[in-house]
Each structure stands twice: as structure tokens, then as C-alpha cells.
Amino acid sequence: MSQLPAPVPRSTSALVALRGVAKAFPNGTQALAGLDLEVRQGEFLSLLGPSGCGKSTALRIIAGLSEPTAGAVEWGGPAQKAERRSRIGFVFQEPTLMPWADVSANVRLPLKLAGTPTEAAAARVDAALQRVGLAQFAHVYPRELSGGMRMRVSIARALVTEPELLLMDEPFAALDEITRFALNDDLLRMWQALRTTIVFVTHSVFESVYLSSRIAVMSPRPGRVVTERAVEAPYPRGNDFRTSADYAALCRRTSDALARAMAGGSP
Amino acid sequence: MNPASSRRERRDRALRVVLPVVVLAIVLAIWEAAVRSLQIPPYVLPGPVLIWQTLVSDWALLGQSLLVTLTTTVEGFLLAAVGGIGLAVLFNQFRVLEYSLYPYAVILQVTPVIAIAPLLLVYLQQPTAVLVCAWIVAFFPVLANTTLGLNSVDRNLGELFALYGASRLDVLWNLKLPSALPYILAGLRIAGGLSLVGAVAAEIAAGSAGAGSGLAFRITESGYRLNIPRMFAALLLLSIAGIVIFYLLALINHLALRRWHESALQGER
């Protein structure tokens, strides 16, 4: 860690932390071992690594969808397990919408399951759809939407509870570049407007640098965080940043870090 | 869609209706011509015209029988729908129940109903026995399809429900049953035809016992009396009943799924 050009200052306000987390699957695969990761209040943290390095598993463990076989998940503040749910939003790699329900019913789901009264829920669904620019598509069915729009619905659903922590598992990997850029910009805008914390899993160096305030680089077999780096470019970031020399340099350095992680396992 | 391909599609749809009708007309014409020119006696093979005349003249009797068979079929179908879906949901919620009872559901299914019917007639009143037969044949496809549907839930959606703290009832009602709907409807479509088969099988088995008055009973009875035109007329009513049931269920299927399921979508996206 000492060789890092931009050492990350130790912060005290960890929202959630993984301490020495390991995960072995029943088939013997050791997905994670000795994973340490701190998610800080308000940051945009990317988990960057090659396929199969356990990024998604780490995300699922934070979400409570998977239990670690060793180590611990520590939540800052007095979060009880039950109330943690209302603090987490999750966006899967696929839009994961209910095909039998229209857009507004899909977005309403988390509120419905939480027993939110209908009228209050309706207002929040409208706001969430407004946020992702799909207000006029409330009564359309998912199959009638493009891939990018479906992902927007998925994001609206994750944000409708106004979660403290938004977990995103390679949400834009299946989209074309133009759509991905647009969604990247929208995501940054929402992140700043809502002041939420985002953990974003990706295998794209470019995407991670563009979006993140901090990047945790992971290496495979077994998956762990080998280096962390802050991305010290100011927000709001836009097309100017995407085409700047700074961005290119940051991408190159991150790319090198990833290459070292893949080669040696440590930076 | 360009005009040429839309025209082709419309012509295609028209052909799908016209061609079977043309085939039917040709077959009936040849049949009638053969019966007349070869002077085949009606107790061997009646012509279509005679069958139609019999249907009209015997309508009082046959219509009554049709009603009896249809009532049994519909009752058997409804019981099969409720029983099949209900049992599948119970199996899905309580594994112990599934492990305990599923083998017996299979046994009920694989034993030919025509072989069970005489036994049921020993213990039950005939109308009840017929109904039970219709139910036995029809309920298994509903059970099997619903079970498959309830287990075919998208994994990510399942996790999403878990993440948001959904109760078992929430998951069943808002996730599993809607996911299973296309499968349930497919099962019901099979069950509709089969409950007619079950009702007919039981009526035929009961035929010699004599108390029945359904269409299948009329067929057996007419056979004994060498009233072949009436046999054909009753048979015709049975197949029409089967066709109506099939298309009615297909229509329900279409109306329920057209907004979202691949199987019910038409045309271009």
C-alpha cells in the first residue's frame, strides 16, 4: 500500500466495513479470502477487477444476500439487521423487472413490500421515475422498453426507498456505449442530488475512473482488495472530463494497478 | 412493417382459416358421394347429410345429453383447477407435504382412468363417479405445470424480494404466482381437454350400468341399437364441445398474457 501515489486517508465515518471476509462455496470454490473493505459515508466506491475475482460476491455479502464463511460485516451506527434493508438499494446486472407488472408497479415494489400507504408510495414512485426521466412511461410494460430504459427503471426502483447505500453489480455492462455514457452521467447527477453512498462493481477501468471518488482494485483466486486509490478529480464530471488528459492519465494509472494486481496479486 | 410483408401476413392468416374449411368440404363431399353411389347402408356408414338430419331430429335427446356431459366436464375442470393449483401451492410451501404426497399424485395419473372408472362406479353414485374420473385425469397437468411454474422464478427477482424483507405470503402472491401464470394457463388448457376425456371414459364405463344420460352413454347405447347415424351425431357434438373448450381456454390464455408474456405476443416489437 505504501507505493500508492495517492494514498487514501483513513476515514472514521465508515458506513459499512468488511473485515477479513472469506467466502467459500459448497462446491469448494474459494471466492473471497481476507477481504478488507471500508465503505465511507457519501462516497462513490468502485470495485474494479477481472471476471471471477469475487466482486459480485463481495457486493452480495454487503447486501446480506450471501453470508461470509469467515470475517465480519460491520455497520457503522446502530443499524439492526432488519432496518438495514430499508437502507440498501440493489441494482443487478440484469434489469430484473417483473415482466407482468408495468413500470410504476415495478418501481413501487420495495414500498409495497415495506407496507407504505398507497398515496405516499404513488408520490415517491412518480418522483423516482421523474429522476430517471421515465415519468411518461409509468404504464408501459418492461418488454416495450429498450435495454437502457429498463435499467433506468431498475435504478428508479432501487432509489425509490431513498437508500443510504446503493449497491450496483455491473449494471451497465450489457448496454451499448452511448447508452452507458448517458446512464453514467445520470447516475452521477443522482448520486450528488441524493447524497447517497454508492458501491459500484465493474470490470471497466474507464467506467470506474469516470464515476468513482475511490477505486478498490481486486485480484482473483481468491478474491481480495489489493490496492485502493482515490480519484481526485472534482465533480461534477462531464464530457470535458471524459476527454481530458487528466482522465486519460488516471485511466492509465488505474489500468497499471489492475495489471499489477492480476500479475502479482499485490501492487 | 412494409406493405408487401403485411399483405403477405394477412393472406397467410386468411389461408389458415380457408384451407381447413376447403379440406372439410372436399372430404364431406367425397364421403356423401361414396355413400350414395356405393349404396352403403346407414347402419354401416351414414352420409354427412343423414348425420346432420339425425342431429336435428334427435336434438331434444342429444342436447340434453350434451348438457349432462358438459356439466360434468366443467365441474371436473374447475375442481381440477382448484385442486391442482391449490395442491401445487401447498407442495411449494411445505416440502414435507410434497415428498409425502407427490408419488401418489403420479400413481393417480399413470393408472389409466378407463381402468379406474368401473371401480369408482362400485363405490360412488354414477354422477359422482363420472365427476371424479374427470377430475383425476384433469388435475395432474395443472399440478405438474403449476409446480414447474412456481419453481421457475427468476433468481434475481427472488433475491430482490428477500432484500426488501418480503414475507412468504408476499413472495407467493406477488412473485411466484405471477411467474407461474403462463405455466398454470398451459396446464389448464391441457386439463380442459382431458376433463372431457375423463367424463367420456367414465360414462362409457358406466354405460352398461345404464343410469347415465351423457353423450358417451348415448354413443354406447346407439351402438347396441345399431343406430349408427346417432352415434356419429353424438360424436360430432363431443368433438365440437372439445374444440370450443380448447379455444375458450386459448382465448383466456391470450387475454391474460398478451401484455407481457412472449408466448402471447404478436407481430413486431
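Rules and cut-offs
- Residues numbered from 1 in each chain as written.
- Chains lettered and ligands numbered in written order.
- Predicted model: local features only at pLDDT ≥ 70, side-chain atom pairs only at ≥ 80, totals over all residues.
- Helix = DSSP H or I, 4+ residues; strand = E, 2+ residues; numbered from the N terminus.
- Rg over C-alpha atoms; globule rule 2.2 N^0.38 Å.
- Buried ≥ 20, exposed ≤ 12 C-beta atoms within 10 Å, placed from the backbone.
- Contact = placed C-beta atoms within 7 Å.
- Nonpolar A, V, L, I, M, F, W, Y, C, P; charged D, E, K, R; others polar.
- Pairing = 2+ DSSP bridges.
- Axes fitted to C-alpha atoms, helices over the stretch in contact; angles between N-to-C directions.
- Core = buried A, V, L, I, M, F, W, Y, C linked by C-beta atoms within 7 Å.

Bringing the overall build of chain A into the picture now. Scanning chain A for helices and strands turns up 9 helices and 9 strands. Here chain A has a C-alpha radius of gyration of 18 Å; the compact-globule value for 267 residues is 18 Å, and the two agree. Expressed as a percentage of its 267 residues, the buried residues of chain A come to 43%. A separation threshold of at least 6 residues defines the contact pool for chain A, and within that pool the share at least 24 residues apart is 73%.

The helix and strand tally for chain B stands at 10 helices and 0 strands. Reading chain B from its N end, one meets helices and strands in the order α-α-α-α-α-α-α-α-α-α. For 269 residues, the compact-globule estimate of 2.2 N^0.38 gives 18 Å, and the C-alpha radius of gyration of chain B, at 23 Å, exceeds that figure by more than 25%. Projected onto its principal axes, the C-alpha coordinates of chain B cover approximately 75 × 65 × 25 Å. Within the span of chain B, comprising 269 residues, buried residues form 36% of the whole. Of the contacts formed within chain B by residues at least 6 apart in sequence, a portion of 75% connects residues at least 24 apart.

Turning our attention to the interface of chain B and chain A. Put simply, an interface is often sized by how much accessible area is lost when its parts join up. Between chain B and chain A, the contact holds 16 residues from the first and 16 residues from the second. Going through the elements one at a time, helix H7 (155-163) and helix H8 (168-206) of chain B are the ones with two or more residues in the side of chain B that touches chain A. When residues in the side of chain B that touches chain A are grouped by element, the largest group, 7 residues, is from H7 of chain B. Broken down by class, the residue content of the side of chain B that touches chain A amounts to 10 nonpolar, 2 polar and 4 charged.

With that settled, the discussion passes to the pairing of strand S6 (residues 165-169) of chain A. Residues and elements named next belong to chain A. Taken across its 5 residues, S6 has 5 buried, putting it largely inside the fold. Of the two faces of S6, both are covered, the one formed by Leu-165, Leu-167 and Asp-169 as well as the one formed by Leu-166 and Met-168. Of the pairings in the sheet, the one linking strand S5 (residues 88-91) to S6 comprises 4 bridges and is parallel in character. Within S6, the residue paired with Gly-89 across the bridge is Leu-166. Where S6 meets strand S7 (residues 197-202), 5 bridges bridge the pair, whose relative direction is parallel. Its bridge partner being in S7, Leu-165 is matched across the sheet by Thr-197.

All names here are of chain A. Strand order in the open sheet made by the 6 strands is S5-S6-S7-S3-S8-S9, with mixed pairing throughout. Here the strands that pair on one side only, and so sit at the sheet edges, are S5 and strand S9 (224-230). Shown here is a sheet whose adjacent strand axes are inclined to one another by a mean of 15 degrees, direction ignored. Its contacts with the sheet place helix H5 (residues 147-159) against S5 and S6, and it is angled at close to 170 degrees to S5.

This part takes up the environment of Ala-241 of chain B. Residue and element names in this part refer to chain B. Note that Ala-241 resides in helix H10 (residues 228-257). For the pair formed by Ala-241 and Leu-255, sequence separation is 14 residues and the distance between their alpha carbons is 21 Å. If we ignore the near neighbours within four places in the chain, the residues touching Ala-241 are Leu-66, Leu-70 and Leu-196.

The next thing to look at is the nonpolar core. All names here are of chain A. Grouped together as the largest cluster of nonpolar side chains are 78 residues, with contacts concentrated most on Ala-156, Leu-167, Val-199 and Val-217. Ranked by residue count, the leading element in this core is H5, at 6 residues. Apart from residues no more than four positions distant in its own chain, Val-217 is found in contact with Leu-48, Gly-49, Val-225, Val-226, Thr-227, Ala-257, Leu-258 and Ala-261.

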